[in-house]
Amino acid sequence: MKEKTRLVQIAHQSKGRKVAVVSEPFLVIVNEFTSVYQLAIKAIDSGISIHSLLNEKLSSEKLDYEKIYNGLSEWKLLPSFDNPDNPTHCIVSGTGLTHLSSAMNRNVMHQSEPGNSLTDSMIVYQWGVEGGKPANGEVGVQPEWFYKGTGAILKAHGDALTVPDFGDDGGEEPEIAGIYIIDRNGMPIRIGFTTGNEFSDHVMEKKNYLYLAPSKLRNCSIGPELVLTEDFSDLKGKVAVSRKEEVLWSADIKTGETNMAHSLANLEYHHFKYADHRQPLQGHVHFYGTGAFSFGAGIKLQTGDEMKVHWEGMGRPLVNTIEIEDNKKEVLSVKSIF
């Protein structure tokens, strides 16, 4: 196995779920394991590396990746990681204000008048620049942090990301997400990295920065591949938004520690310092922040628009469409048991 082994999760209506290793142009099925979560737990419990388990359980069955990727197969790509037995035991979260361009966009969004003094967003970013990369064994400045939901919100490559009827907007956020599992003793274990579209409601957030929390409570996508590597130093990529095959907007993007105000270790410390984030066998999908998004360029996405995120060295691009709910649902009311 090469150092950057790439895994996918796939499902078939009659054959169930499978884990497969990417070996272009094929996917090679892995015997025994039906999820990356199950594979990782086995590795953690046994003390055997995931690479060794994959070498041991790799089958000779190959599938046409191109057909699956393009939705032309009975096999369907799933999110690159989930907790299939208990989606609620997987936390989806992220950290913002880690990239300069994103912080500048936020600064403009939240200024009462152009040219005003720095907003709280830019101040928090500057704190990261000054103290987000501490020496080994030291604690750096705390980054912005947000909660997105449980594993139930995770969508796969090819799925539509939905703007709910109560939402104001929806827009892509091209990121890398770290994938983690907490071992039986409460220790966080990083499994790898995956391409992500964190997808947020920027119109809601722009109304008031205190609306950041509800603006993040949206579905999001990860995949199509999970990359088994420790390298998060310098990643380059491209994000694009298209409408009826016409590119409306695109941008070159960068991430990784070289391009961020915080070190990976500092982001991980501040996420996992909370005991509730270290529940045994809990899964975590944690987004590390974005460097560009189309909302900052004045693009308003519509139903059917396509969002594409591609990071070099992270496998195939992640592509999703957008679906805006236009039917208002009945007002939810809470019932009493009395």
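The protein appears in an unreviewed UniProt entry as GguC protein from Algoriphagus pacificus.

Participant: What should I look at first to understand the nonpolar core in this one?
Facilitator: Soluble globular proteins tend to pack their nonpolar side chains together in the buried interior. Core analysis: the biggest nonpolar cluster contains 29 residues, and Ile 50, Leu 54, Phe 81, Ile 191 and Val 285 have the highest contact counts within it. Secondary structure elements with two or more residues in this core: strand S2 (16-23), helix H1 (36-46), helix H2 (50-57), strand S6 (90-94), strand S10 (174-182), strand S12 (220-228) and strand S15 (283-287). At six residues, the largest contribution of residues to this core is made by H1. For Ile 50, the residues in contact, after removing those within four places along its chain, are Leu 39, Ala 40, Ala 43, Ile 191 and Leu 228. Listed in part, the 28 residues of the second largest apolar core include Ile 176, Ala 251, Met 260 and Leu 301.

Participant: I keep staring at the layout of surface pockets and nothing clicks. Help me out?
Facilitator: Any empty space left between atoms is shown by rolling a water-sized probe over those atoms. Taken as a whole, the largest pocket spans an internal volume of roughly 260 Å³. In this structure, the largest pocket is lined by 14 residues; those nearest its centre are Ile 50, Ile 189, Arg 190, Ile 191 and Glu 230. Where the lining of the largest pocket is concerned, the elements lending two or more residues are H1, H2 and strand S11 (188-197). Among the residues forming the lining of the largest pocket, the class breakdown is eight nonpolar, four polar and two charged.

Participant: Could you clarify how one ought to interpret helix H5 (residues 120-131) in this entry?
Facilitator: The α-helix advances 3.6 residues per turn, and as a result positions three or four apart in sequence lie on the same side. Taking 1.5 Å of rise per residue, twelve residues should cover 16 Å, and H5 covers 16 Å from first to last C-alpha, within 8% of that figure. For H5, the set of buried residues is Ser 121, Met 122, Tyr 125 and Gly 128. Taken down its axis, H5 places every buried residue within 110 degrees of arc, on the same side.

Participant: Before we go on, may I ask you to explain the pattern of salt bridges in this structure?
Facilitator: Pairing between side chains of opposite charge can happen when the charged atoms of each approach one another. Tallied over the full model, the rule gives 21 salt bridges. Between Lys 76 and Asp 159 there is a salt bridge, with its nearest N and O atoms 3.0 Å apart. Remark: Asp 159 occurs in the loop between strand S8 (154-155) and strand S9 (160-163) and Lys 76 occurs in strand S5 (residues 75-77); sequence separation between them is 83 residues. Lys 76 sits in the partly exposed class, given a relative accessible area of 39%.

Participant: Help me understand the packing of aromatic side chains in this model?
Facilitator: Each aromatic ring pair is specified by the distance between its two centres and by the angle formed by the two planes. A complete count under the given rule lists six aromatic pairs for this structure. Ring geometry for Phe 193 versus Phe 232: centroids 5.2 Å apart, planes at 15 degrees, classification stacked. You can see Phe 193 sitting in strand S11 and its partner Phe 232 sitting in the loop between S12 and strand S13 (235-243), a full 39 residues away along the chain. Residue Phe 193 is classed as buried on the basis of its relative accessible area of 1%. Every member of this aromatic cluster is reached through a ring pair, and the members are Phe 193, Phe 232 and Tyr 288. The ring of Tyr 65 carries Arg 316 above its face, with NZ or CZ at 4.1 Å from the centroid.

Participant: It is not clear to me how the pairing of S15 should be interpreted in this structure. Could you clarify?
Facilitator: It is a general feature of regular strands that their side chains alternate between the two faces of the sheet. A large share of S15 lies buried, amounting to five of its five residues. Side chains Gly 283, Val 285 and Phe 287 of S15 all project onto a buried face; the interleaved residues His 284 and His 286 project onto the opposite face, where all are buried too. Bridge analysis of S6 against S15 gives five bridges, and the strand direction is parallel. The residue bridging Gly 94 from the neighbouring strand is Phe 287, located in S15. Here five bridges tie S10 to S15, and the two strands are oriented antiparallel to one another. Its bridge partner lying in S15, Ala 177 is registered against Phe 287.

Conventions adopted
- Residues numbered from 1 in each chain as written.
- Predicted model: local features only at pLDDT ≥ 70, side-chain atom pairs only at ≥ 80, totals over all residues.
- Heavy atoms only, no water.
- Core = buried A, V, L, I, M, F, W, Y, C linked by side-chain atoms within 4.5 Å.
- Buried < 20%, exposed > 50% of the residue type's maximum accessible area, 1.4 Å probe, protein only.
- Helix = DSSP H or I, 4+ residues; strand = E, 2+ residues; numbered from the N terminus.
- Contact = heavy atoms within 4.5 Å.
- 1 Å grid on protein atoms, 1.4 Å probe; cavity = no way out; pocket = protein on both sides within 12 Å on 5 of 7 lines; lining within 4 Å.
- Points joined across faces, edges and corners; volume = space filled by probe spheres on them.
- Nonpolar A, V, L, I, M, F, W, Y, C, P; charged D, E, K, R; others polar.
- Expected span 1.5 Å × (residues − 1).
- Arc of directions from axis to C-beta.
- Salt bridge = Lys/Arg side-chain N within 4 Å of Asp/Glu carboxyl O.
- Phe/Tyr/Trp six-rings, centres within 6.5 Å; stacked < 30°, edge-to-face > 60°.
- Lys NZ or Arg CZ within 6 Å of the ring centre and 35° of its normal.
- Pairing = 2+ DSSP bridges.

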